[in-house]
Amino acid sequence: MNAALDVFCAIDKEGNFVYVSEASVLQWEYAPGELVGTNHSTIIFEDDYEKTIQLCNKVIQGENVNSFFNRYVTAKGRAVSKPTIPFAAKSNSIFFSSS
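Within every chain, residues take consecutive numbers counted from 1 along the sequence as written. Two thresholds apply to this predicted model, a pLDDT of at least 70 for residue-level local features and 80 or more for giving and counting side-chain atom pairs, whereas whole-chain, interface and lining totals are computed over all residues. In computing side-chain properties, one takes all heavy atoms of the structure into account and sets aside hydrogens as well as water.

**Considerations on unusual backbone geometry**
To be explicit about the condition: In DSSP terms, a helix is any run of H or I states spanning at least four residues, a strand is any run of E spanning at least two, and both are numbered starting from the N terminus.
One non-glycine residue with positive phi stands out, namely Glu29, at about 65°. Along the chain, Glu29 falls in the loop between helix H1 (23–28) and helix H2 (32–35).

Here you go:
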């Protein structure tokens, strides 16, 4: 996954990054090590956060959610709009997404 241009990440049930692919440097201007252990809310544009949480909860509950656009705040403070494709691994309560 580290050769992909899309960001792949795993987020635990508390909302903290547990895995972030190398594409985060290109897309979000953060190295994976800067994000792992931090809450995903730190990079989601404030106005998009509630919508994101609602859609994540639907996915975790087993509902089918198509991709949606999220705005992310980069390390340099820019807002970038990216499609996000959510899915959940029920066996370990980790929410995965790519953008």
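Next, the rest of the story.
**A word on the pattern of salt bridges**
What counts is decided by this rule: By definition here, a salt bridge exists when the distance from a side-chain nitrogen of Lys or Arg to a carboxyl oxygen of Asp or Glu is within 4 Å. Partly exposed describes any residue whose relative accessible area lies between the buried limit of under 20% and the exposed limit of over 50%, with all areas from a 1.4 Å probe on protein chains only and scaled to the type maximum.
Per the counting criterion, the structure on display carries two salt bridges. Between Glu29 and Arg78 there is a salt bridge, with its nearest N and O atoms 2.6 Å apart. Here the residue Glu29 occupies a position in the loop between H1 and H2, and Arg78 occupies one in the loop between strand S3 (68–73) and strand S4 (79–89), the gap between them amounting to 49 residues. When its relative accessible area of 21% is taken as the criterion, Glu29 is described as partly exposed. By relative accessible area, which is 43% here, Arg78 ends up partly exposed.

**As for the pairing of strand S1 (residues 8–11)**
What counts is decided by this rule: Pairing between strands is defined by DSSP: at least two bridges between them are needed.
Inspection of the sheet shows S1 paired to strand S2 (residues 17–20) by three bridges, in the antiparallel sense. By the bridge assignment, Cys9 is partnered in S2 with Val20. As consecutive antiparallel partners, S1 and S2 are separated by five residues, and within that stretch Gly15 has a phi angle of approximately 95°, a positive value.

**Things to note about the side chain of Thr52**
Here Thr52 lies in helix H3 (residues 49–60). Owing to a relative accessible area of 4%, Thr52 belongs among the buried residues under this scheme.

**A word on H3**
For clarity, the cut-off: By definition here, a helix of n residues has an expected span of 1.5 Å times n minus one. Throughout, the arc means that of the directions going from the helix axis to the C-beta atoms.
Compared with an ideal rise of 1.5 Å per residue, which puts 12 residues at 16 Å, H3 spans 16 Å between its outermost C-alpha atoms and is within 8% of the ideal. Listing the buried residues of H3 in full gives Thr52, Leu55, Cys56 and Val59. Down the axis of H3, the buried set is contained in an arc of 105°. They therefore lie on one face. Downstream of H3 by a residue or two, Gly62 has a phi angle that is positive, lying close to 95°.

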